[in-house]
Protein chains: 2
Amino acid sequence: MAGQVSGPEIERLVQLLARVPGLGPRSARRAVLHLIAKREELLTPLAAAMEVARDRILTCTTCGNIDTSDPCAICANPERDRTTLVVVETVADLWALERSGAVKSAYHVLGGVLSPLDGVGPDDLNLAGLVGRAASGEIRELIIAVNATVDGQTTAHYIIDLLAHLDVKITRLAHGVPVGGELDYLDEGTLTAAIRQRTAF
Amino acid sequence: MAGQVSGPEIERLVQLLARVPGLGPRSARRAVLHLIAKREELLTPLAAAMEVARDRILTCTTCGNIDTSDPCAICANPERDRTTLVVVETVADLWALERSGAVKSAYHVLGGVLSPLDGVGPDDLNLAGLVGRAASGEIRELIIAVNATVDGQTTAHYIIDLLAHLDVKITRLAHGVPVGGELDYLDEGTLTAAIRQRTAF
């Protein structure tokens, strides 16, 4: 199927692009042709942006976010509320919450969730850092914003046990009907949570 | 929705990747996180491969293929049959035919098809080059391998008219049932063509 069509350089670019999530061998080939057709507008700036990313992106040693500075822009921002930490699984979740604009505090990226089936144990997550931050005395509330999956909830309970000795309030995201969601399409668990945790108008 | 989350460098990479066909704003973000997580294995070689592509990929002035040499490896290959030209719309089509291994001759890439609705006229295609090659006396057969669309067929007939004065045999790809295809899922046009152009066992 592969077959070397037009030079090892192009084939190598196709094969590397095919490993980017969201692209496969076929779409990578289409992407390469598009990149070459748009050399000045897209290929050149994209290659440059990748070099910048390769050379300058760091993982924040405080929260686990990625940025070109350490501490990251969020941790370094004096206007952020430093008494609350939002605990997320991944940087992607952090970005999603940032886009919502709902978080005015700092984050803590676990780097995953506990998953015995996948061989992910407590030592694989950034839990030591979380305990350290929570024990610093500065943190008053920890919002556990892990995914509403079994592994996510297991991880949440593990964190609650881990921090039980500290005087830190631990909260979690509300369950309920997504904004814009239609009841007919929601699962029973979500509807049950939405009824139980109903709020006054 | 966008919102600057973590430094202009990352945001710029996300926005450029989102313009790659097959990726959108959301999958570009996922891709960036994956690239940064796989910095050594993926990001670094991908950035380097893009630089090579940017600097070294040329369009073959003979056939319109892209390669790191001009003429391209196919045009320069002495084992290719130079009496037959396969006329395709795009480099992607050329690559698809090359993967099949069915073509032992050279190609001619039109760079598109005639499409009055999209404002694509004869001057927008590499037709002058095709006439020149066909008139050289070396070419005995032209296989028109454009897509089986209205615009593709219009273009095929335009080429036939254009080359009518030359002593060149013009053929086209067979219509029929795709190998592995199920009759039940095929359109009437394909089935009609498959019946009409049936072949002896």
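Residues numbered from 1 in each chain as written. Chains lettered and ligands numbered in written order. Predicted model: local features only at pLDDT ≥ 70, side-chain atom pairs only at ≥ 80, totals over all residues. Heavy atoms only, no water.

1. Observations regarding the domain arrangement of chain A
Rules: For the domain bounds, the source is a domain assignment made automatically or taken from a database.
In terms of domains, chain A is made up of domain 1 (8–56) and domain 2 (66–172). Taking only C-alpha atoms into account, the centre of domain 1 of chain A sits 34 Å from that of domain 2 of chain A.

2. As for the pairing of strand S4 (residues 105–109) of chain A
All names here are of chain A. For clarity, the threshold we go by: A simple rule labels every residue: compare its accessible area, found with a 1.4 Å probe on the protein chains alone, to the largest value its type can have, and call it buried under 20%, exposed over 50%, or partly exposed in between. Note on conventions: DSSP H or I runs of at least 4 residues are helices, E runs of at least 2 residues are strands, and numbering of each starts at the N terminus. By this definition, two strands are paired if DSSP reports at least two bridges between them. Classification remark: right-handed applies to a crossover when, strands pointing away from the viewer, the course from the first strand over the helix to the second runs clockwise.
Of all 5 residues making up S4, 5 are buried, and the element is well covered by its neighbours. In terms of strand pairing, strand S3 (residues 81–88) meets S4 through 5 bridges, oriented parallel. Note that in S4 the partner of Leu 85 across the bridge is Ala 106. Tracing the backbone out of S3, into helix H5 (residues 91–100) and back to the parallel element S4 gives a crossover that is right-handed.

3. Notes on the nonpolar core
A general tendency of soluble globular proteins is for nonpolar side chains to be buried together. In plain terms, the rule: Nonpolar cores are built from buried Ala, Val, Leu, Ile, Met, Phe, Trp, Tyr and Cys residues. Side-chain atoms within 4.5 Å join them into one set. For this analysis, residues touch if any pair of their heavy atoms sits within 4.5 Å.
Counting residues in each nonpolar core, the largest one holds 74 residues, and the members touching the most others are Leu17(A), Met50(A), Leu17(B) and Met50(B). Setting aside its immediate chain neighbours within four residues, Met50(A) contacts Leu13(B), Leu17(B), Leu35(B), Leu43(B), Leu46(B), Ala47(B) and Met50(B). One finds Leu85(B), Leu125(B), Ile144(B) and Ala156(B) within the second-largest nonpolar core, a separate group that totals 18 residues.

4. Thoughts on the layout of surface pockets
If a probe the size of a water molecule is rolled over the atoms, the empty space left behind becomes visible. Formally: In this analysis, the protein atoms alone were mapped onto a 1 Å grid. Cavities are point sets where a 1.4 Å probe fits without being able to get out; pockets are open sets with protein on both sides within 12 Å along at least five of seven lines; lining residues have an atom within 4 Å of a point. Grid points are joined across faces, edges and corners, and a volume is the space filled by probe spheres set on the points.
Of the voids in this model, the largest pocket is the one considered here, and its volume is about 720 Å³. Residue lining of the largest pocket: 30 residues in total, with Leu97(A), Ala145(A), Val146(A), Asn147(A) and Leu173(A) positioned closest to the centre. Taken together, the elements giving at least two residues each to the lining of the largest pocket come down to H5, strand S5 (141–144), helix H7 (150–162) and strand S6 (169–172) of chain A together with helix H2 (25–37) of chain B. Ranked by residues supplied to the lining of the largest pocket, first place goes to H5(A) with 7 residues.

5. Focus on the pattern of salt bridges
Here is the rule we go by: Salt bridge criterion: a side-chain nitrogen from Lys or Arg within 4 Å of a carboxyl oxygen from Asp or Glu.
Within this structure, the stated rule accounts for 8 salt bridges over all chains. Between Arg56(B) and Glu9(A) there is a salt bridge, with the nearest N and O atoms lying 3.2 Å from each other. Of this pair, Arg56(B) sits in helix H3 (residues 39–56) while Glu9(A) sits in helix H1 (residues 8–17), placing the two residues on different chains. By relative accessible area, which is 41% here, Arg56(B) ends up partly exposed. Residues joined by salt bridges that share partners form a network here, namely Glu51(A), Arg54(A) and Asp55(A).

6. Remarks on the relation of the copies chain A and chain B
Filter applied, for reference: Superposition of the copies used a least-squares fit over C-alpha atoms from residues whose pLDDT is at least 70 in both.
With an axial shift of 0.0 Å and an RMSD of 0.1 Å, the rotation relating chain A to chain B amounts to 180 degrees. One copy is carried onto the other by what is essentially a two-fold rotation axis. Proximity to the rotation axis, assessed at the C-alpha, singles out Ala47(A) in chain A; its C-alpha lies 2.6 Å from the axis. Of the interface residues in chain A, 100% have counterparts in chain B that sit at the interface too, so the contact is made through matching surfaces.

7. A word on helix H7 (residues 150–162) of chain B
For clarity, the threshold we go by: Any helix carries an expected span of 1.5 Å times its number of residues minus one.
Across its 13 residues, H7(B) extends 18 Å between first and last C-alpha, which sits within 8% of the 18 Å expected from 1.5 Å per residue. Elements that come into contact with the buried residues of H7(B) comprise strand S3 (81–88), helix H6 (127–135) and strand S5 (141–144) of chain B.

8. Remarks on the sheet that holds strand S6 (residues 169–172) of chain B
What links the strands of a sheet is backbone hydrogen bonding, and the strands pair in either a parallel or an antiparallel sense. All names here are of chain B. Spelled out, the test is: For helices, the axis comes from a line fit to the C-alpha atoms of the stretch in contact; other axes are also lines fit to C-alpha atoms, and the angle between any two N-to-C directions lies between 0 and 180 degrees.
Spatially, S4-S3-S5-S6 is the arrangement adopted by the 4 strands of the open sheet, whose pairing is parallel. Edge strands, defined here as strands with exactly one partner in the open sheet, are strand S4 (105–109) and S6. Geometrically, the sheet is characterised by an average inter-axis angle of 25 degrees between neighbouring strands, direction not taken into account. With respect to the sheet, helix H5 (residues 91–100) is in contact with S3 and S4, its orientation differing from that of S4 by roughly 160 degrees. Taken strand by strand, H6 contacts S3, S4 and S5, and its axis lies near 150 degrees from that of S4.

9. A short note on the confidence of the model for chain A
What counts here: On a range of 0 to 100, pLDDT expresses the predictor's confidence in each residue.
Here chain A shows a mean pLDDT of 91. Residues at 70 or above account for 97%. For this predicted complex, the interface score ipTM comes out at 0.78, alongside a pTM of 0.77.

10. What to know about the pairing of S3(B)
Pairing between S3(B) and S5(B): 4 bridges, direction parallel. Bridging from a neighbouring strand, Thr84(B) pairs with Glu141(B) of S5(B).

11. Here we look at the packing of helix H3 (residues 39–56) of chain A against helix H1 (residues 8–17) of chain B
Definition in use: Rotating anticlockwise by less than a right angle from the far helix to the near helix defines a left-handed crossing, while the corresponding clockwise rotation defines a right-handed one. As a working rule, the residues Ala, Val, Leu, Ile, Met, Phe, Trp, Tyr, Cys and Pro are called nonpolar, Asp, Glu, Lys and Arg charged, and the rest polar, with Gly in that last group.
Relative to each other, H3(A) and H1(B) sit at 145 degrees, their axes nearing to 9 Å. Of the two possible hands of crossing, H3(A) and H1(B) adopt the one that is left-handed. Along the contact surface, H3(A) presents Leu42(A), Pro45(A), Leu46(A), Ala49(A), Met50(A), Val52(A), Ala53(A) and Arg56(A), while H1(B) presents Glu9(B), Arg12(B), Leu13(B), Leu16(B) and Leu17(B). Class assignment of the residues belonging to the contact of H3(A) with H1(B) gives a composition of 10 nonpolar, no polar and 3 charged.

12. Things to note about H6(B)
Residues and elements named next belong to chain B. Note the threshold: By arc we mean the arc of the directions from the helix axis to the C-beta atoms, nothing more. Within 3.5 Å is the distance limit for a polar contact, defined as a pair of N or O atoms, with the added protein rule that one can donate a hydrogen and the other accept it, and that residues adjacent in sequence qualify only through two side-chain atoms.
Within H6, the full set of buried residues consists of Leu 127, Leu 130, Arg 133 and Ala 134. One side of H6 carries all its buried residues, which in axial view fall inside an arc of 125 degrees. Those residues of H6 hidden inside the fold are in contact with helix H4 (73–76), S3, S4, S5 and H7. For H6, the N-terminal cap is Asn 126; the gap from its side-chain oxygen to the backbone nitrogen of Gly 129 is 3.4 Å. Note on H6: the residue one or two positions beyond its end, Gly 137, has a positive phi of about 95 degrees.

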